[in-house]
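# Chains, contacts and geometry: an overview
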Amino acid sequence: IGIKRRLRVSSAGADEAPAAFRAGEEARAASDPVRACDLFETAAKGRAAAAQHSLATCYYTGVDRPLDYRLSLEWCRRAADQGLARSYLRTALAA
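What you are looking at is a predicted structure, and each value in this text was computed from that prediction instead of being measured.

The rules behind each value
Residues numbered from 1 in each chain as written. Predicted model: local features only at pLDDT ≥ 70, side-chain atom pairs only at ≥ 80, totals over all residues. Heavy atoms only, no water. Disulfide = S-S within 2.5 Å. Helix = DSSP H or I, 4+ residues; strand = E, 2+ residues; numbered from the N terminus. Buried < 20%, exposed > 50% of the residue type's maximum accessible area, 1.4 Å probe, protein only. Axes fitted to C-alpha atoms, helices over the stretch in contact; angles between N-to-C directions. Parallel < 35°, antiparallel > 145°, perpendicular 65-115°, else oblique. Left-handed = near helix turned anticlockwise from the far one by under 90°. Contact = heavy atoms within 4.5 Å. Patch = residues over 30% accessible without salt bridge, like charges linked within 9 Å, V, L, I, M, F, W, Y side chains within 5 Å. Areas by Shrake-Rupley, 256 points an atom, 1.4 Å probe, with all protein chains shown as cover. Salt bridge = Lys/Arg side-chain N within 4 Å of Asp/Glu carboxyl O.

## Examining the state of the cysteines
- Scanning the model with the defined rule gives one disulfide in all.
- Two residues, Cys37 and Cys58, share a disulfide whose sulfurs are 2.1 Å apart. In this structure the cystine formed by Cys37 and Cys58 twists about its S-S bond by roughly -95°; its chirality is therefore left-handed. Taken together, the positions of Cys37 in helix 3 (residues 33-45) and Cys58 in helix 4 (residues 49-61) put the pair 21 residues apart, joining distant regions of the chain. Pair check on accessibility: Cys37 and Cys58 agree, each one buried.

## Some details on the packing of helix 3 against helix 4
- Helix 4 packs onto helix 3 with a crossing angle of 135° between their chain directions and a minimal axis gap of 8 Å. Relative to helix 4, the element helix 3 is oriented oblique. Crossing angle aside, the handedness with which helix 3 passes helix 4 is left-handed. The residues of helix 4 that touch helix 3, namely those facing Cys37, Phe40, Glu41, Ala43 and Ala44, are Ala51, Gln52, Ser54, Leu55, Cys58 and Tyr59.

## Some details on unusual backbone geometry
- Phi at Ser31 is positive, roughly 60°, even though this residue is not glycine.
- Exposure remark for Ser31: the relative accessible area of 63% places this residue in the exposed category.
- For Arg47, which is not glycine, the phi dihedral falls at a positive 75°.
- Its place among the elements puts Arg47 in the loop between helix 3 and helix 4.

## Concerning a nonpolar patch on the surface
- A grouping of Tyr60, Leu67 and Tyr69 is seen on the molecular surface, where their side chains present a nonpolar patch of about 360 Å² in accessible area.
- With respect to the secondary-structure elements, Leu67 resides in the loop between helix 4 and helix 5 (69-81).

None of the figures reported here should be taken as evidence of function without further support.
So this is what it looks like as structure tokens:
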């Protein structure tokens, strides 16, 4: 129940997801992982597959998120369900 509650997705953020993901990539490049993970979360909730994968990495590494392999895998599965190849690989390796 905890994971499903935390992963509740709203379609309202879908319009802003691409911009949030790009801003997250810029923040990561500028060595601001805290802001990057926050932006990736915004974009991931808007169903941006690449952002879902990046947010999974935040949880997997514990960067500005609690280290949580289950939650990381759940976000990775969401990205894989949308066809993101690198997420397919990560979920296959976790099985």
